[in-house]
Amino acid sequence: MTTSVLICDDSGFARRQMARSIPDGWDVDIHFAENGKEAISAIKQGKADVMFLDLNMPVMDGYQTMQIVKEQDLPTLVIVVSGDVQPEAHKKMLSLGVIAFIAKPIDNQKLCEILRQYGLYSGEATSQGRSQKVPVVEPRSQKSELDAYREMANVAMGRAGEQVAKLLGEFIQLPIPNVNLITNNELHMAISDVKSSDSLSAVSHGFIGAGINGEALVIFNDANFSTMGKLLKYHHKSTKEEYELEVLMDISNILVGACVNALSEQLHVSFSHNHPIILGRHCDIDQVLETNSQRWDKILAIEIAYAISSQDIQFDLLLLFPGNAMELVYEKLVKHTH
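Cut-offs used in this document
Residues numbered from 1 in each chain as written. Predicted model: local features only at pLDDT ≥ 70, side-chain atom pairs only at ≥ 80, totals over all residues. Heavy atoms only, no water. Salt bridge = Lys/Arg side-chain N within 4 Å of Asp/Glu carboxyl O. Helix = DSSP H or I, 4+ residues; strand = E, 2+ residues; numbered from the N terminus. Buried < 20%, exposed > 50% of the residue type's maximum accessible area, 1.4 Å probe, protein only. Contact = heavy atoms within 4.5 Å. Polar contact = N/O pair within 3.5 Å; in protein donor to acceptor, adjacent residues only side chain to side chain. Phe/Tyr/Trp six-rings, centres within 6.5 Å; stacked < 30°, edge-to-face > 60°. Lys NZ or Arg CZ within 6 Å of the ring centre and 35° of its normal. Axes fitted to C-alpha atoms, helices over the stretch in contact; angles between N-to-C directions. Parallel < 35°, antiparallel > 145°, perpendicular 65-115°, else oblique. Nonpolar A, V, L, I, M, F, W, Y, C, P; charged D, E, K, R; others polar.

(A) Broad picture of the pattern of salt bridges. Tallying each qualifying case throughout the model produces ten salt bridges. Arg-15 is paired through a salt bridge with Glu-34; the nearest N and O atoms lie 3.8 Å apart. With Arg-15 in helix H1 (residues 12-21) and Glu-34 in the loop between strand S2 (28-33) and helix H2 (36-44), this residue pair connects regions lying 19 residues apart in the sequence. Given the relative accessible area of 41%, Glu-34 is considered partly exposed.

What follows is the structure, given as structure tokens:
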């Protein structure tokens, strides 16, 4: 008997990746949705005996989608496939009725174990997936490139958010990454969320491996230092300057370390890290960017605006790749997607 499978994710890159992860031996009819609103419609049309659901999406996210599925008792078994791997996200979605949670990038063996556990599939995991039934890659265009970079950032963002959530004991709100292909002169205009803060502090972490070099900037609103220090259970044992510097460096080291490790896993590249550099203290975003010594003509800029709503804290992670590295990143993402 054929099983109707719905893959709901705002990223076309992620949808193709998920479709190819479905084992060949599972008799399925695959459908797609770009957000929760489309998914609800597809479920009501009988196109989702099983739904693979992302969490961070525009229009209607995964949490809102599952709330409707639960309230209306819609006939679908839901497996979350997300870059958000925070325990609080697991707990919330399980309470809404999902049967399992898979972290991106997808582990085919774990997927098959879950399918077997619920009697959906009895075969073994296959390394090739459904590549013969799903296009290997969308024809290259700026849209497809941005889609691939955004999905890469989504996974890295989730890993970094998880580590900071564990450290602070708070749920971290994860955004949809803001991805732009820009020139250096356009960089300050592309950073929409950061610019709203008057006084900022920032630290830069460079990384390089297999011809791919990049830079990660962690940018703090200065008003958050006191609350962040309390969450970290730090005490004023020194000057205010040293206290704030300790908070900035500790958070940035954890955030960037987890993020770069996730990039490494997706690109199959081992990155080495440069010593972190303070770009600015108590200044505005333009001063931060002017202090940055990197001057690349073409830049892939990925802005991730984290938030802890319960504490009114916002901080940003900005990933920058120069044009030559950008090409290598895209080639490796496409290569390791099929």
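Alright, that's what it looks like, and here's the rest.
(B) Inspection of the environment of Lys-70 at higher detail. Along the polypeptide, Lys-70 turns up in helix H3 (residues 62-71). Residue Lys-70 is classed as partly exposed on the basis of its relative accessible area, which comes to 46%. Along the backbone, Lys-70 and Gln-109 are 39 residues apart, and their C-alpha atoms lie at a distance of 28 Å. Not counting residues up to four positions away in its chain, the partners in contact with Lys-70 are Ser-95 and Leu-96. For Lys-70, the side chain forms a polar contact with the main-chain oxygen of Ser-95, separated by 3.1 Å.

(C) Up close: the packing of aromatic side chains. What the rule picks out here adds up to six aromatic pairs. Where Phe-220 meets Phe-225, the ring centres are 5.4 Å apart and the plane angle is 40°; that geometry is what we call tilted. When sorted by exposure, Phe-220 lands in the same class as Phe-225, which is buried. A network of ring pairs unites the aromatic residues Phe-220, Phe-225, Tyr-306 and Phe-315 as a single cluster. Across from the ring centre of Tyr-63, 4.8 Å away, lies the NZ or CZ of Lys-92, which sits over that ring.

(D) Representation of the packing of H1 against helix H6 (residues 142-168). Contact geometry for H1 and H6: axes closest at 7 Å, N-to-C directions at 70°. Comparing the axis directions of H1 and H6 gives the class roughly perpendicular. Residue-level inspection shows Gly-12, Phe-13 and Ala-14 of H1 in contact with H6, the latter providing Asp-147, Ala-148 and Glu-151. Residues that form the contact of H1 with H6 fall into these classes: three nonpolar, one polar and two charged.

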